[in-house]
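Reading the structure
In case you want the letters, here they are:
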Amino acid sequence: MIRHLTRRMSHSHINEPNFLQMVNIFFDKASQYTGMRPEMLEQIKNTDTVLQMTIPLARDDGTITFHRAYRAQHSHHKLPCKGGTRYSPNVDLPEIEALAFLMTLKCACVNLPFGGGKGGIEVDAKALSEAERERLTRRYALELGKKGFLSPAIDVPGPDLGTGEQEMAWMMDTFVSHHPKNLNGIATTTGKPIELGGIPGRAESTGLGVFYGVREFLTDNYYMEKVGLSTGIAGKTFIVQGFGNVGYWAAHFLHKEGGKILGVIEHNSCVFNENGIDPDDLKNFLVQRKSFNGYPKAEIVKDQNDVYARECDVVIPAAIERSINGTNAGLLKCKVVAEGANGPTTPLGQEILEKNNVLVLPDLLMNAGGVTVSYFEYVKNLGHIKPGLLTKRWGAKRNQNIIETIAKLKNLDTKEAVAGLKRVQYTTGASELNLVYSGLEQIMTEAVQETKVTSQKLGVNLRIAAYVNSLKRIQDSTLEGTIGL
Ligand SMILES: NC(=O)C1=CN([C@@H]2O[C@H](COP(=O)(O)OP(=O)(O)OC[C@H]3O[C@@H](n4cnc5c(N)ncnc54)[C@H](O)[C@@H]3O)[C@@H](O)[C@H]2O)C=CC1
Ligand SMILES: O=C(O)CCC(=O)C(=O)O
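Residues numbered from 1 in each chain as written. Chains lettered and ligands numbered in written order. Predicted model: local features only at pLDDT ≥ 70, side-chain atom pairs only at ≥ 80, totals over all residues.

1. Some thoughts on the site of ligand 2
Surveying the vicinity of ligand 2 reveals 14 residues, the closest of which are Gly84, Gly158, Asp160, Val371 and Ser374. Going through the elements one at a time, strand E4 (81-88), helix H3 (93-109) and helix H13 (369-383) are the ones with two or more residues in the shell around ligand 2. Counted by class, the shell around ligand 2 contains 2 nonpolar, 9 polar and 3 charged residues. (Near = placed C-beta within 6 Å. Helix = DSSP H or I, 4+ residues; strand = E, 2+ residues; numbered from the N terminus. Nonpolar A, V, L, I, M, F, W, Y, C, P; charged D, E, K, R; others polar.)

Set out below in structure tokens:
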């Protein structure tokens, strides 16, 4: 018996440009500030290569379902193409193209040496058994590999909405099984489990990157004065939409730094508590119960817009595209929107927010933490060595020597000399996780700084500034690539 899929509606009822048109609108606006030739802009804008296919899936009950599947390589200005893999009933080609386009811009914005790519399957992954997910994922990887859309040199998928480390492991394993002589086969996906070549910190990286990005704005006098907030994260209030990988981790790090998570919006229920919610406690509840319904430590709210309309300082949309749009942007009472998701604010939504003096921190900058740590994982896989392994013990010994020398000079014993230092910082050297966090913080803060500078220099909003910086980098690399042709 053969079954077909029904598509679940999500924001498709909004009478505004679709996701791809949205990205094109932002791109066209930013283009005016670049001084670049129209032919160059056209070359950057268009998707380079697209694969679309239908994958049959043998279900556990003996039936077969058919699933549309895609991978778009938006830009080859640098290789490999990099970007996530989305499993959702709403996946279609324009959505994948929009996401791949954003990957090109995002990687350039934070200066990673990748072109943009994105893939996806039209499927409700939550409705599949683990065995079904494995069969579907392995078949998808096989087809991608056969057609030049999966390899460490050309196209390296990572996780996105609806996928995680298990899918990345299956995809990598499928590739490696078919290319046993490829020494770098393990680098063909990122976001893998650590024991299969993954890197510590990838799971939380996008949310942690959102945290670093938010911190760089909330601690900046210029921006906080503009929106009428005091500086600092402690005591600031947050509402988060989407409590998956990105939303949960962003909430976790903000809460740890003294931020108050007032509300969380999920697709099937929302919670609100003006005294704050512990994100770890809420996550445990959600994992067990699959919905917030029955959560005893907060008010359960049915309608997402009822939560959006509550007072708070920062809203973090971290679910899907077009969540903040012409129908609800006017409800928001926050001062800052920090985009954890890709494309969560429509052009009309942004216009309304700006009219209401809400500062919008754009997706390609704020959620770049995931692909940044994927880059670290990719480099680790190509290097076939853990980051920091060669220098770890040497660093610890050097620190120990410095401390002993200071102690001697000051006539202290070593314990007194290191009072106030964290023991781990001087006796063990940097762990892999220390290095990942430190590299991520460096890349995020540098990109935020560059975006602020361009925004203030051109007098444009932060989204346009981030696009302008990206476009200039892509132009430079495209021109470099054509020298000598
Ligand atoms: N995972 C990653 O490393 C990165 C993800 N992103 C973007 O962040 C967003 C979220 O991705 P993940 O957290 O990885 O996905 P996820 O699948 O782990 O979590 C998404 C969460 O949003 C919820 N959700 C879905 N539709 C919703 C709706 N209409 N209203 C409220 N909640 C809804 C889901 O139930 C789920 O809990 C996506 O836009 C993705 O493209 C961006 C950069 C990297
Ligand atoms: O790590 C990756 O390649 C996935 C990142 C991604 O999909 C994104 O940033 O939207």
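2. Here's the deal with the UniProt feature "site: Important for catalysis" (unreviewed entry) in the protein
UniProt annotation of "site: Important for catalysis" (unreviewed entry) refers to Asp160 when read in the numbering used here. Inspection of the secondary structure assignment puts Asp160 in the loop between strand E6 (155-159) and helix H5 (165-178). Residue class for Asp160 comes out buried when judged on the 25 C-beta atoms lying within 10 Å of it. In contact with Asp160, other than residues within four places in its own chain, are Gly84, Thr85 and Arg86. (UniProt positions renumbered as here; feature names shortened; annotations may be inferred. Buried ≥ 20, exposed ≤ 12 C-beta atoms within 10 Å, placed from the backbone. Contact = placed C-beta atoms within 7 Å.)

3. A word on the UniProt feature "binding site: NAD(+)" (unreviewed entry) in the protein
In the numbering used here, UniProt assigns the feature "binding site: NAD(+)" (unreviewed entry) to Thr206 and Asn245. What stands out for the annotated residues spanning 40 residues is how close their C-alpha atoms remain, the widest pair being 7.8 Å apart. Structurally, Thr206 can be placed in helix H6 (residues 202-218). Examined against the element boundaries, Asn245 turns out to sit in helix H8 (residues 245-256). If we ignore the near neighbours within four places in the chain, the residues touching Asn245 are Ala203 and Thr206.

4. Observations regarding the site of ligand 1
Of all residues adjacent to ligand 1, which total 25 residues, the nearest are Gly242, Gly244, Ala319, Ala341 and Gly370. Looking at the shell around ligand 1 element by element, the count peaks at 3 residues for H8. For the shell around ligand 1, the per-class residue count stands at 9 nonpolar, 14 polar and 2 charged.

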